[in-house]
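Take a look at the letters that make up each chain.
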Amino acid sequence: MENSILIPTDFSNNSWNAILYAIKLFEDRKCSFYILHTYSKETYGLDSLSLLDPDEAFNKMSAIKSKEKLRELIAKISHLNKNKNHKFHAVSESISLLSAVKNLNKKIQFDLIVLGAKGLANKNEASYGQHTLDILKNVRENPILIVPGNVNFDQPKEIVLTTNFKTNIKKSEIKYLVQLAKLSNASIQVLSMEQPNSLSFTQKRNKVQIRKQLKGVAHSFTTMRNVKIATAVNCFVAIRHSNMISYVDKKPSFWDRLNFGRISLNNLGYYADVPVLAIHSK
């Protein structure tokens, strides 16, 4: 079965690293990679080719430069990657990145979206880029893999799934995490701050469901005490040299928007050398 994977690019080093990571992660699978570049005036300044002059001539020049850069990028990828299982498609769009991702997703229904953690305009070394956060928030049909610029690819051997067991994770939502684990023969460590003897009935039920859904993959449950989630995950990953972090990105309710009980990318913290897989849940 062929995977369809979308990778937006602004031609930065971070987006290039995201492309390389995806290629290596799926080296043994048939994949169609769609490399997307946009050049809309409504961007946040991330795109070095975005032009603010409304003159049509400049818009045409921007389109030409975008397509040229994409051709160069595909040629560079083809030179480095001789994998016959991989096909690459270049997409250039004169709309905002978020709109382009949504439109393409409706047409193709991607299995996975791979994003660089930040783009050219993001100068804060310890934060995710605005485009990355916008796509994560507004595109909820797909799992999203966020790849920082400092990641050196290692086939994942251990994936950390962090949860508070307050979300009922459906099999259809967690299946891509299971597929990634099987793809690289990785184990899954389920990390929680919730003490087993203090779990509610709902949390206990959700924990049982997770155990069932991870059947067929090596996995175990770990609890850490009296520490914030970002600190716990950071320490756990550093000590165990885990290769990937995953969490359930639940659609926020009113109380979730006030940061009650919901795990989000923001309270997980920023990871400069570990990719993060967001699993969306309604």
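Residues numbered from 1 in each chain as written. Predicted model: local features only at pLDDT ≥ 70, side-chain atom pairs only at ≥ 80, totals over all residues. Heavy atoms only, no water.

A. Fine view of the pairing of strand E8 (residues 219–223). One ladder, built from five bridges, connects strand E7 (residues 187–192) with E8; its direction is parallel. Across the sheet, Gln189 pairs through a bridge with Ser220, a residue of E8. (Pairing = 2+ DSSP bridges. Helix = DSSP H or I, 4+ residues; strand = E, 2+ residues; numbered from the N terminus.)

B. Quick peek at the confidence of the model for the chain. Put simply, the chain has an average pLDDT of 85, and 86% of its residues get 70 or more. When the criterion is pLDDT under 50, residues 42–52 qualifies, and its contacts beyond four places in sequence or with other chains add up to 28 contacts. Within the model, the stretch residues 253–261 combines pLDDT values under 50 with eight contacts to residues more than four positions away or in other chains. (pLDDT = per-residue confidence, 0-100. Contact = heavy atoms within 4.5 Å.)

C. Focus on the packing of helix H3 (residues 97–108) against helix H4 (residues 130–138). Put simply, H3 and H4 touch, their axes get as near as 10 Å, and they point 40 degrees apart. It follows from the interaxial angle that H3 and H4 lie oblique. For the pair H3 and H4, the crossing hand works out as right-handed. Where H3 abuts H4, its residues Leu97, Leu98, Val101 and Lys102 lie against His131, Asp134, Ile135 and Asn138. Its residues placed into classes, the contact of H3 with H4 shows four nonpolar, two polar and two charged. (Axes fitted to C-alpha atoms, helices over the stretch in contact; angles between N-to-C directions. Parallel < 35°, antiparallel > 145°, perpendicular 65-115°, else oblique. Left-handed = near helix turned anticlockwise from the far one by under 90°. Nonpolar A, V, L, I, M, F, W, Y, C, P; charged D, E, K, R; others polar.)

D. Seen up close, the nonpolar core. Membership of the largest hydrophobic core comes to 44 residues, with the highest contact counts inside it found for Phe26, Phe33, Val114, Leu145 and Ile188. Looking at which element gives the most residues to this core, the answer is helix H1 (residues 13–25), with seven residues. Once residues lying within four places of it in the same chain are set aside, the contact partners of Ile188 are Ile159, Leu161, Leu177, Ala181, Leu214, Val217, Ala218, His219 and Ser220. One finds Val91, Val101, Tyr128 and Leu191 within the second-largest nonpolar core, a separate group that totals 33 residues. (Core = buried A, V, L, I, M, F, W, Y, C linked by side-chain atoms within 4.5 Å. Buried < 20%, exposed > 50% of the residue type's maximum accessible area, 1.4 Å probe, protein only.)

E. Geometry of the pattern of salt bridges. All told, the structure shown has three salt bridges when counted by the stated rule. In this structure, Asp249 engages Arg140 in a salt bridge whose closest nitrogen and oxygen atoms are separated by 3.2 Å. Remark: Arg140 occurs in the loop between H4 and strand E5 (144–147) and Asp249 occurs in strand E9 (residues 244–250); sequence separation between them is 109 residues. (Salt bridge = Lys/Arg side-chain N within 4 Å of Asp/Glu carboxyl O.)

F. Representation of the packing of aromatic side chains in the model. Summed over the entire model, instances satisfying the criterion amount to five aromatic pairs. Between Phe33 and Phe88, the ring centres sit 5.2 Å apart and the planes meet at 15 degrees, which makes this aromatic pair stacked. Placement of Phe33 in strand E2 (residues 31–38) and of Phe88 in strand E3 (residues 86–93) is noted, with a sequence separation of 55 residues between them. With centroids separated by 4.7 Å and ring planes inclined at 65 degrees, the aromatic side chains of Tyr128 and Tyr270 adopt a geometry described as edge-to-face. Taken together, the positions of Tyr128 in the loop between strand E4 (112–116) and H4 and Tyr270 in the loop between helix H9 (265–268) and strand E10 (276–281) put the pair 142 residues apart, joining distant regions of the chain. (Phe/Tyr/Trp six-rings, centres within 6.5 Å; stacked < 30°, edge-to-face > 60°.)

G. Broad picture of unusual backbone geometry. The phi dihedral of Gln109 falls on the positive side, at around 55 degrees, and the residue is not glycine. Its place among the elements puts Gln109 in the loop between H3 and E4. One non-glycine residue with positive phi stands out, namely Phe165, at about 65 degrees. Examined against the element boundaries, Phe165 turns out to sit in the loop between strand E6 (158–162) and helix H5 (171–184).

H. A look at H5. In this model, H5 (14 residues) spans 20 Å end to end at C-alpha, consistent with the 20 Å of a helix rising 1.5 Å per residue. Looking only at H5, the buried set comprises Glu173, Ile174, Tyr176, Leu177, Val178, Leu180, Ala181 and Ser184. Once H5 finishes, Asn185 follows within two positions and takes phi at roughly 55 degrees, a positive value. (Expected span 1.5 Å × (residues − 1).)

I. Structural detail: H3. End to end, H3 covers 16 Å across 12 residues, agreeing with the expected 16 Å (1.5 Å per residue, within 8%). Among the residues of H3, Leu97, Ala100, Val101, Leu104 and Asn105 are the ones counted as buried. Projected down its long axis, H3 carries its buried residues within an arc of 130 degrees, all on one side. Seen from the open side of H3, the exposed residues pointing more than 90 degrees away from its buried face are Lys106 and Lys107. Each element contacted by the buried residues of H3 is listed here: strand E1 (3–8), E2, E3, E4 and H4. (Arc of directions from axis to C-beta.)

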